[in-house]
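Listed here are the chains, written in short residue letters.
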Amino acid sequence: MCGIIGYVGGKKAAPVLLKGLQRLEYRGYDSAGIAVVDGDTIRAVKTRGEVKVLCDKVEKNEPDGIIGIGHTRWATHGAPSDVNSHPHLSADGRFCVVHNGIIENFAELKEDLISHGLPFKSETDSEVIAQLIQYLYNGDMISTLCKVMDRLSGSYAAGILCADSPSTLYAIRKDNPLVIGLGQNENFIASDFAAALEHTHNFVQLNDYEIAQMTARAVTFFDRNGNKVEKTPYRVDWDISLAEKGGYPHFMLKEIYEQPKALHDTLSPRIKGDNIVLDKIEFSPANVNSINRINIVGCGSAYHAGIVGKHFIEKYCRINVSCELASEYIYSNPITDNRTLTIVISQSGETADSLAALRLAKKLGSHTIAIVNVLNSAIAREADDVLYTYAGPEIAVATTKGYTTQVAALFLVGLKIAKVKHIISDARYNELLKELALLPDKVSEILSDTDKIKRYAENYADRKCVFFIGRGTDYAASLEGALKLKEISYIHAEAYAAGELKHGTISLIEEGTITVALVTQQDLYAKMLSNIKAVQSRKGTVLALSSQSNVKVGEQSDGLITIPDCDDDVTPVLTAVILQLFAYYIASKRGCDIDKPRHLAKSVTVE
Ligand code: G6P
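The present account deals with the structure reproduced in this document. Along each chain, numbering runs from 1 in the same order as the chain's sequence is written. In keeping with the model being predicted, local features are shown solely for residues with a pLDDT of at least 70 and side-chain atom pairs are shown and tallied solely at 80 or more, while totals for entire chains, interfaces and linings include all residues. For side-chain calculations, the full set of non-hydrogen atoms in the structure is used, while hydrogens and water are omitted.

**Some thoughts on helix H3 (residues 106-115)**
Note on classification: 1.4 Å probe, protein chains only; a residue is buried when its accessible area is under 20% of the maximum for its type, exposed when over 50%, partly exposed between these limits. Counting from the N terminus, the helices are DSSP H or I runs at least four residues long and the strands are E runs at least two residues long. For H3, every residue scored as buried is listed here: Phe 106, Leu 109, Lys 110 and Leu 113. Burial along H3 is one-sided: seen end-on, the buried residues are contained in an arc of 100°. In H3, the exposed positions angled more than 90 degrees off the buried face are occupied by Glu 108, Glu 111 and Ser 115. If you follow the buried residues of H3, they end up packed against strand E6 (95-103), helix H4 (127-136) and helix H5 (141-151). Just past H3, the residue Gly 117 takes up positive phi, approximately 85°. The directions from the helix axis to the C-beta atoms are what the arc is built from. Any two residues whose heavy atoms approach within 4.5 Å at even a single point are treated as in contact.

Right, dumping it as structure tokens:
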């Protein structure tokens, strides 16, 4: 879950690397470092702390040179410290490595290398790569790297410098993201496009067990046997301004405000009149009728999006849907076969657990669809079909537009299947299509006046515990609301199915406890009102979220935030936006590091 960047070209490398690292900080921010080929030596500057700490250190003693590598770390092996920070140099200082991933056999490799007289400085697994390169080096980097890859097990995306070839940058990859950016007389490696997007829009994907050899003017690719490989570049049209704060105090707030566009871009190209066209995914009657089960798999918010999708798909498609945490699915001996449709949801498309789940589902014969935001990411490439969410780059660790666009994509899939199966009436289908198309405007309406949400949030910012309750779809939405609050404000929050409260959790309600009650499902209003009463009877404070026309809820709660009137089935998108803002304003009042919450990384590429 670290971020890596590499540069070779005509500019001074250090500033390019530092800027790239700032864009990659969402991947990890407990330490950072760069290394530059300075004359015929490699000079590394690294530190515990965020990239800004590194910038200060570099400013005092900037390494000179036009080729280098950089790293921002999320510690797995060895605590965050100067010495455990990347880049790591080999014992002779001739090779230097930045690494994202985990070398699973590092302990035995390390023992072996130490027995051959190579001293280690850090506790990291990554240092073995640098030492192994030194140990196996035969004067030719490509054949050396082939041998290195043969010895490594685990996952890696690595950028490598070699003092013997001071104008060449090398990269290797297995199971961790790495793109090669092709510029004008300059080339890049990066964990994701965002880090190189201000320099180029042309990229090449490095596949597993491939090597990239890069100078300022040429990039050559090799397979694991050292044979040359031809690759076709692709263009990423994301605008670099999307990866900048653009006047907002935090990326998270900016991304919340980008949701009308993200939803519009995800929904509108797929709604063609009264037809839903899901890119190249073929939902023929034969395909659809052969599905007897749908498994939705994801992690974190992607999993929560899946739970919303499950409600919708089961309601309209009458197919059994199970939604699984990817990390659990892999070890659950899942009931998956060729009549199961597996939908893997991932904003980054690189989450290791979700990727492992996808591979298992394919192995078990299931047809797989990826709902992914990042173009050409591993999950997008490996799934049988892909439905992109067009949210644009998401930088804040806590997902916002990533989540709502995933929910929107699942609505499209559900409606499409229901239509092909002929089990939804034309009238209801058209109504829902219309409602989906209106979602961007309704989100804009929420965003045009957030004062009330802010006021409530700031009033409650000192609380220790917040419950979120709801029934059905509202319960699914409350899971994401609680996660958002936990992630960025560090307040303990728990989502509970409202009807389940009385079976245990209600014992925790006392004076001062806040319960956010989601009351958007008309057929459940009465039941929710009883649940609200039960909380208030224990002196708990209830903040309700309900539609504009549902006046009763307001009268019976301690506070009310209204959502624009809309069809009950699509409200999770609207409640999500309110709950994102609620969490944001609480975290802001508490002075939290909103875009980079403690201990978290955006893209979790370890299992
Ligand atoms: C991390 C992030 C979450 C995200 C989850 C899944 O834990 O902090 O916000 O929901 O990974 O990420 P993905 O990229 O697969 O959607």
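Moving on from the model shown.
**Focus on the pairing of strand E9 (residues 179-182)**
In this analysis, strands are considered paired if DSSP registers two or more bridges between them. In terms of strand pairing, E9 meets strand E10 (residues 187-190) through four bridges, oriented antiparallel. Residue pairing for E10: Gly 181 is matched across the bridge by Phe 188. Adjacent in sequence and paired antiparallel, E9 and E10 are bridged by four residues, among which Asn 185 carries a positive phi angle near 55°. By the bridge criterion, three bridges tie E9 to strand E11 (residues 202-205) in an arrangement that is antiparallel. For Gly 181, the partnering residue across the bridge sits in E11 and is Phe 203.

**A short note on empty space enclosed by the protein**
The pocket and cavity definitions rest on a 1 Å grid over protein atoms only: a 1.4 Å probe that fits but cannot leave marks a cavity, an open set with protein on both sides within 12 Å along at least five of seven lines marks a pocket, and residues lining either have an atom within 4 Å of a point. Grid points are joined across faces, edges and corners, and a volume is the space filled by probe spheres set on the points. Tallied over the entire structure, the rule returns two cavities of 30 Å³ or more. Counted as a void, the largest cavity has a volume near 240 Å³. In terms of lining, the largest cavity is formed by 25 residues, of which the most central are Tyr 26, Ser 191, Asp 192, Ser 348 and Val 374. Gly is put with the polar residues, along with every residue not named as nonpolar or charged; the nonpolar set is Ala, Val, Leu, Ile, Met, Phe, Trp, Tyr, Cys and Pro, and the charged set is Asp, Glu, Lys and Arg. Of the residues contributing to the lining of the largest cavity, the split by class is eleven nonpolar, nine polar and five charged.

**Re the packing of H4 against H5**
H5 packs onto H4 with a crossing angle of 125° between their chain directions and a minimal axis gap of 9 Å. On the basis of their axis angle, the class for H4 and H5 is oblique. Both H4 and H5 take part in a crossing whose hand is right-handed. Taking contact as the criterion, the partners of Leu 132, Ile 133 and Leu 136 in H4 are, on H5, Met 141, Thr 144, Leu 145, Lys 147, Val 148 and Arg 151. The class makeup of the residues in the contact of H4 with H5 is six nonpolar, one polar and two charged. All axes are obtained by fitting lines to C-alpha atoms, using only the stretch in contact for helices, and the reported angles, taken between N-to-C directions, cover 0 to 180 degrees. Should an angle fall under 35 degrees it is taken as roughly parallel, and over 145 as roughly antiparallel, whereas 65 to 115 is taken as roughly perpendicular and any remaining angle as oblique. Note: crossing handedness is left-handed where the near helix turns anticlockwise from the far helix by less than a right angle, and right-handed where it turns clockwise.

**Concerning the sheet that holds strand E18 (residues 293-298)**
What the five strands build is an open sheet, ordered E19-E18-E20-E21-E22; its pairing is parallel. Whereas interior strands pair on both sides, the edge strands pair on one side only; in this sheet they are strand E19 (320-325) and strand E22 (385-388). Going from strand to strand, the sheet's axes swing by 20° on average, the running direction of each strand aside. In the sheet, strand E20 (residues 340-346) pairs with strand E21 (residues 367-372) via six bridges, with the strands oriented parallel. Paired with Val 344 across the bridge in E21 is Ala 370.

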